[in-house]
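# Fold and geometry: a report
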Amino acid sequence: TYYSQGPGNYRDVAQNRRNDVIFYPRMGGFDVKQFLSYIQADGYEPLTVEAMAYLIEDPEVAQEVADKVCADERSNNILTAVLSGGAFRPGQLFALNDQLDIALKVDNDRFINEVMAAANATEMALYGSGYWADHWEYYLDLINNYLAIYPDGEEQLMYDNELRYFFSTATVKPRSEKYVLDLTQDGKGKHVLQLDSTTFDDEKVAEQEAYRNTNTGIIGTDAYWQRIAGGGAAFKSTPIAKLFLLGTIKFATRDAYGMGIEYEGGRPGWNDAMNGLPGMVGSGMPETYEMYLLLKYVKKVADTYSRGIVIPTELADLVQKIEAAQDLLESTGYQDPEDLPLDVPPELFNYWDVVAAAREDYRNNVQYYFNGTTVELSADDVSSMLSRWISQVELGMARAMKIASRGMNDDGTSGVPPAYFSYNVTKWVKNGGKNDKGLPLVNAKAMKVGTFPLFLEGPVRYMKTVTDEETKGNMYDLVMASGLRDHGLNMYFISADLKGQSYDMGRMMAFASGWLENHSIWLHMSYKYYLELIRGNLYDQFFSEMRGGGMLPFMDPDVYGRSLMECSSFLASSAFPDPATQGRGFSARLSGSTAEFLSMWVLMFIGPEPFILADDGSLQMQLVPALPSWLFEDLDDDLPGTYDEDGNLIVTFKLFRSIIVTYHNSEGGNLYGVSPNSYKITKDDGTSVTVDGGVIPTDEAIAIRKVFGIVSIDAYF
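Fair warning: this is a prediction, and the values are worked out from it, not measured in the lab. (Residues numbered from 1 in each chain as written. Predicted model: local features only at pLDDT ≥ 70, side-chain atom pairs only at ≥ 80, totals over all residues. Heavy atoms only, no water.)

## Some words on helix α14 (residues 346-365)
What counts, and what does not: Elements are defined by DSSP. Helices are runs of H or I of four residues or more, strands are runs of E of two residues or more, and each kind is numbered from the N terminus. A helix is expected to reach a length of 1.5 Å times the quantity of its residues less one. Between buried and exposed lies partly exposed: a residue is buried under 20% and exposed over 50% of the maximum accessible area for its type, with that area taken using a 1.4 Å probe on protein chains only.
End to end, α14 covers 29 Å across 20 residues, agreeing with the expected 28 Å (1.5 Å per residue, within 8%). All buried positions along α14 are accounted for by Leu348, Phe349, Tyr351, Trp352, Val355, Ala356, Ala358, Arg359, Glu360, Tyr362 and Arg363.

Written out as structure tokens, the structure is:
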């Protein structure tokens with residue numbers, strides 16, 4: 001179909017667009033602004049990302065476009081009505097051109113370019129069901145890749161744009177409405193579950209209905225953006241302010257021990273199969289590690305540009321309450337004991353209770369509208385506050401390592417970061433309410449933390465927070481020695497052995513060990529792990545895993561059972577009872593694993609920061625590949641290399657889909673994180689520029705980034 005766009009789950013679309021700007025620099029900050037727009041006032045995001053829609057609100061502008069592209073008066077009138085009649089998508093326009101017999105005097109490319117130049121884009125999404133805990137975790141990937149191409153654009157992107165807040169039809173319930181007292185599975189006791197965490201909000205539905213067009217019957221696009229009370233316009237904030245809001249809410253959603261972020265929106269994080277964990281009052285360390293990085297990024301931006309952050313007054317009130325709760329906690333003199341008890345210390349529980357109540361008050365205040373007033377926080381205040389929060393997060397991360405994991409052959413001493421925790425409410429009081437099933441609702445008064453076996457997502461997310469190679473290398477060795485390694489397949493399990501775990505955890509417990517999400521090889525998370533290896537400069541380990549069969553196309557095709565060019569959702573692991581099925585890939589998928597592999601490819605061939613800023617702020621470029629010698633020539637496998645006219649081994653690829661880049665490897669060794677000795681840049685007029693050293697100067701760097709006038713780059717090592 002014309003310019004086909006389709007809906008997709010939020011996580012999938014966000015991760016798959018991670019490298020857009022790397023391959024198409026002209027994308028600029030589009031993806032960053034689109035996805036940050038979806039952040040809601042409550043800190044969550046919708047489930048489904050819809051195709052972008054476009055709008056020309058001024059009929060005179062629509063008429064001007066029609067005048068430029070239409071071949072006759074009849075077509076001109078029809079197209080003007082279509083363009084000014086409401087939101088549209090490019091494919092719809094082409095379909096309507098055919099259906100309404102609109103005659104054009106320009107080709108399709110010129111037609112759509114004229115329309116898009118006059119239209120305003122509007123992001124579209126749908127709530128779906130429940131709020132997933134990990135959707136926001138992909139924002140820093142989008143931002144960091146933008147900065148890899150536009151390091152000179154950070155301040156403008158973060159401070160000089162204004163974004164709306166998505167408005168979903170669901171509301172997260174306060175704890176008093178979702179902590180449910182029920183019988184245990186054996187019927188002999190009672191326990192507290194977190195159930196039906198979100199509610200479909202009829203008042204929000206009515207708010208959106210007010211924007212239904214009486215002529216078309218379609219709800220207008222303005223209905224999906226949170227507005228200022230009293231019929232005001234959509235409330236807007238800068239990207240850095242929305243990131244600060246997000247970080248604040250996630251910081252205020254840490255569990256009672258200050259370790260993981262609570263799954264209080266009714267859905268788990270990346271690991272969908274842990275769908276029982278929200279009911280267990282569960283929390284996740286993967287989200288904590290990502291929140292830690294988010295807080296550090298916001299602090300870095302505030303420190304770098306010394307500009308204040310303007311936030312809604314409702315959020316400012318929440319910030320004040322968080323700070324007061326931290327003051328109160330510090331005044332108690334609480335210090336973690338050497339041996340942490342599983343029962344949450346009263347001081348930490350009281351802090352959690354106060355901050356959770358403040359978060360609930362905030363959400364109540366912004367449930368339908370913002371009041372429209374704002375507060376500006378100075379850069380110094382933001383930096384000081386976030387430093388304090390970051391220290392608290394680090395304490396929680398250290399506690400998690402002590403509480404650790406527990407499972408088959410796992411006594412908690414593996415040294416591998418745990419992924420998930422649950423909380424058993426040990427003391428409660430009934431609050432007089434009942435849920436839809438008639439079960440009593442309670443307020444928690446004390447909690448005890450529960451542990452789980454290891455999950456690969458724990459060390460994957462943790463390694464993103466580590467900056468030194470030695471620590472990452474040590475973690476690699478610990479993971480290799482843990483229950484996460486499938487030594488039969490030389491791969492990594494999505495989880496350690498789950499034998500003996502409660503069925504309350506989620507659907508994975510319904511599967512045989514080694515199948516689907518139960519102790520299998522989940523290719524996407526394995527690829528995330530491999531990506532962290534090359535990100536951490538663990539080149540030998542990364543390429544050993546690749547050639548050892550952990551990555552396509554180096555798996556055994558007879559075992560894998562399908563094309564080595566085709567990713568699978570999962571492989572049956574060595575734990576699966578049927579030996580003939582072990583190692584076989586199931587459920588072909590072009591999604592997460594592919595996105596991770598593209599990120600690996602970028603690091604292998606281009607490097608982590610192709611564009612950098614000189615000390616004077618001018619733009620420069622560098623190519624810093626991570627390529628093993630066997631990609632140039634592998635005589636052991638009878639794969640001779642290609643040579644240049646001087647006898648140097650070469651590898652060639654396309655940069656930005658059009659510039660031919662050739663690496664000349666004079667010594668034939670590994671090129672692991674090293675810069676070229678020189679470059680030769682050839683232009684489309686036949687001239688060339690020679691650059692000594694590993695950095696390409698400003699004029700050529702700008703031309704390369706614009707993909708303008710540059711034919712090829714030869715880099716000599």
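Resuming the write-up.
## A look at the sheet that holds strand β24 (residues 585-588)
This is how it is decided: At least two DSSP bridges between two strands are needed for those strands to be called paired.
As summarised here, the arrangement of the three strands in space is β22-β23-β24, forming an open sheet in which the pairing is antiparallel. Pairing within the sheet leaves two strands with one partner each, and these edge strands are β22 (521-522) and β24.

## A short note on the packing of helix α17 (residues 469-481) against helix α18 (residues 523-535)
Rules: Inter-axis angles, ranging from 0 to 180 degrees, are taken between N-to-C directions of lines fitted to C-alpha atoms, where helices are fitted over the stretch in contact. Any angle that is under 35 degrees is reported as roughly parallel, and any over 145 degrees as roughly antiparallel; angles of 65 to 115 degrees are reported as roughly perpendicular and all others as oblique. In this scheme the handedness of a crossing depends on how the near helix is turned from the far one: anticlockwise by less than a right angle means left-handed, clockwise means right-handed. Only heavy atoms matter for contacts: two residues are in contact if any of them lie within 4.5 Å across the pair.
For the pair α17 and α18, interaxial distance at closest approach is 10 Å and the crossing angle is 150°. In terms of orientation, α17 lies roughly antiparallel with respect to α18. Pair α17 / α18 crosses with left-handed handedness. In this structure, α17 contributes Lys472, Tyr476 and Val479 to the contact, and α18 contributes Tyr529, Glu532, Leu533 and Arg535.

## Some thoughts on a negative patch on the surface
As a reminder, the rule being used: Patch members must show over 30% relative accessible area and no salt bridge, and they are joined within 9 Å when carrying like charges or within 5 Å when they are nonpolar side chains of Val, Leu, Ile, Met, Phe, Trp or Tyr. For the area figures, the Shrake-Rupley method with a 1.4 Å probe applies, and any residue is considered shielded solely by the protein chains shown. Any carboxyl oxygen of Asp or Glu that lies within 4 Å of a side-chain nitrogen of Lys or Arg is treated as forming a salt bridge with it. Charge counting treats Lys and Arg as positive and Asp and Glu as negative, with His and both chain ends excluded. All charge positions are set by atom: Lys at NZ, Arg at CZ, Asp at CG, Glu at CD.
Among the surface-exposed residues, Glu57, Asp58, Glu60, Glu64, Asp67 and Asp222 lie close enough to one another that they form a single negatively charged patch. Note on placement: Asp67 falls in helix α4 (residues 59-69). Judged by relative accessible area, which is 41%, Asp67 ranks as partly exposed.

## Details of the packing of aromatic side chains
Which entries qualify depends on this criterion: Centre distance within 6.5 Å is the pairing criterion for rings of Phe, Tyr and Trp, where only the six-membered ring of Trp is used; planes under 30 degrees apart are then read as stacked, over 60 as edge-to-face, and the remainder as tilted. By definition here, charges over rings are those cases where NZ of Lys or CZ of Arg is within 6 Å of the ring centre and within 35 degrees of the ring normal.
The final tally for this structure, using the stated rule, is 41 aromatic pairs. An aromatic cluster is present here, built from Tyr10, Phe35, Tyr38, Phe166, Tyr224 and Trp225 joined pairwise through their rings. Above the face of the Trp225 ring, Arg164 is positioned so that its terminal group lies 4.0 Å from the ring centre. Sitting over the ring of Trp352, Arg175 keeps its end group 4.9 Å from the ring centre.

## Regarding the sheet that holds strand β29 (residues 649-655)
As summarised here, the arrangement of the six strands in space is β28-β29-β30-β34-β32-β33, forming an open sheet in which the pairing is mixed. In this open sheet, the two edge strands, each paired with only one partner strand, are β28 (642-643) and β33 (688-692). Bridging between β28 and β29 involves two bridges; their strand directions are antiparallel. Opposite Thr642, over in β29, you have Ile650 as the bridge partner.

## Here's the deal with the environment of Ile311
As for its placement among the helices and strands, Ile311 is situated in strand β15 (residues 309-312). As for Ile311 and Leu245, which are separated by 66 residues in sequence, their C-alpha atoms are 7.7 Å apart. Other than its neighbours up to four places away in sequence, Ile311 contacts Phe244, Ala316, Thr373, Thr374, Val375 and Leu377.

## Some words on the nonpolar core
Heads up, the condition is: The definition of a nonpolar core used throughout is a set of buried Ala, Val, Leu, Ile, Met, Phe, Trp, Tyr and Cys residues joined through side-chain atoms within 4.5 Å.
One finds Phe244, Tyr423, Met447, Tyr529, Phe542, Leu655 and Ile704 to be the most contacted residues of the largest nonpolar core, which totals 179 residues. When sequence neighbours within four positions are dropped, the list of residues in contact with Phe244 reads Val298, Ile311, Leu315, Val319, Leu377, Val382, Met385 and Leu386. Counting residues in hydrophobic clusters, the runner-up holds 20 residues, among them Tyr54, Ala62, Val65 and Ile102.

## As for the environment of Asp303
One can find Asp303 in helix α12 (residues 285-305). Looking at Asp303, the relative accessible area reads 40%, which means it is partly exposed. For the pair Asp303 and Asp255, spaced 48 residues apart in the sequence, the C-alpha separation amounts to 29 Å.

## Overview of helix α7 (residues 108-118)
The following threshold applies: By definition, the arc is the one covered by directions from the helix axis to the C-beta atoms.
All of the buried residues in α7 are Phe111, Ile112, Glu114 and Val115. Looking straight down α7, one finds its buried side chains confined to an arc of 155°; they lie on one side. Across from the buried face of α7, at angles greater than 90 degrees, the exposed residues are Asn113 and Ala117. Packing partners of the buried residues in α7 comprise α4, α5 (73-84) and α6 (90-99).

## Details of the pairing of strand β9 (residues 190-194)
Along any regular strand the residues' side chains alternate between the sheet's two faces. Counted residue by residue, β9 has four buried out of five residues, so it is predominantly covered. Two strands pair when backbone bridges link them, and strand β8 (residues 179-183) and β9 are joined in this way by five bridges, in the antiparallel orientation. Within β9, the position partnered with Leu183 by the bridge is Lys190. A loop of six residues connects β8 with β9, the two strands running antiparallel in sequence, and Gly187 in this loop sits at a positive phi of about 75°.

## A closer look at the pattern of salt bridges
Within this structure, the stated rule accounts for 37 salt bridges. One salt bridge connects Arg307 with Glu155, and the closest N-O pair in it is separated by 3.1 Å. Note that Arg307 is positioned in the loop between α12 and β15 and Glu155 in helix α9 (residues 154-159), a separation of 152 residues in sequence. Judged by its relative accessible area of 29%, Arg307 is partly exposed. According to the relative accessible area criterion, Glu155 is partly exposed, its value standing at 30%. Across the pair Arg388 and Glu323 runs a salt bridge whose closest N-O atoms are separated by 3.2 Å. With Arg388 in helix α15 (residues 379-403) and Glu323 in helix α13 (residues 313-331), this residue pair connects regions lying 65 residues apart in the sequence.

## Some remarks on the side chain of Lys464
Put simply, the rule reads: Throughout this description, a polar contact denotes any pair of N or O atoms lying within 3.5 Å of each other; where both atoms belong to protein, one of them has to be capable of donating a hydrogen while the other can accept it, and for residues adjacent in sequence the pair is counted only when both atoms sit in side chains.
Within the element layout of this structure, Lys464 appears in helix α16 (residues 457-464). At 3.0 Å, the side chain of Lys464 forms a polar contact with the side chain of Glu290. Ignoring any residue separated from it by four or fewer positions in sequence, one finds Lys464 in contact with Asp141, Glu290, Leu293, Glu532 and Arg535.

Honestly, it's all geometry; don't read function into it.
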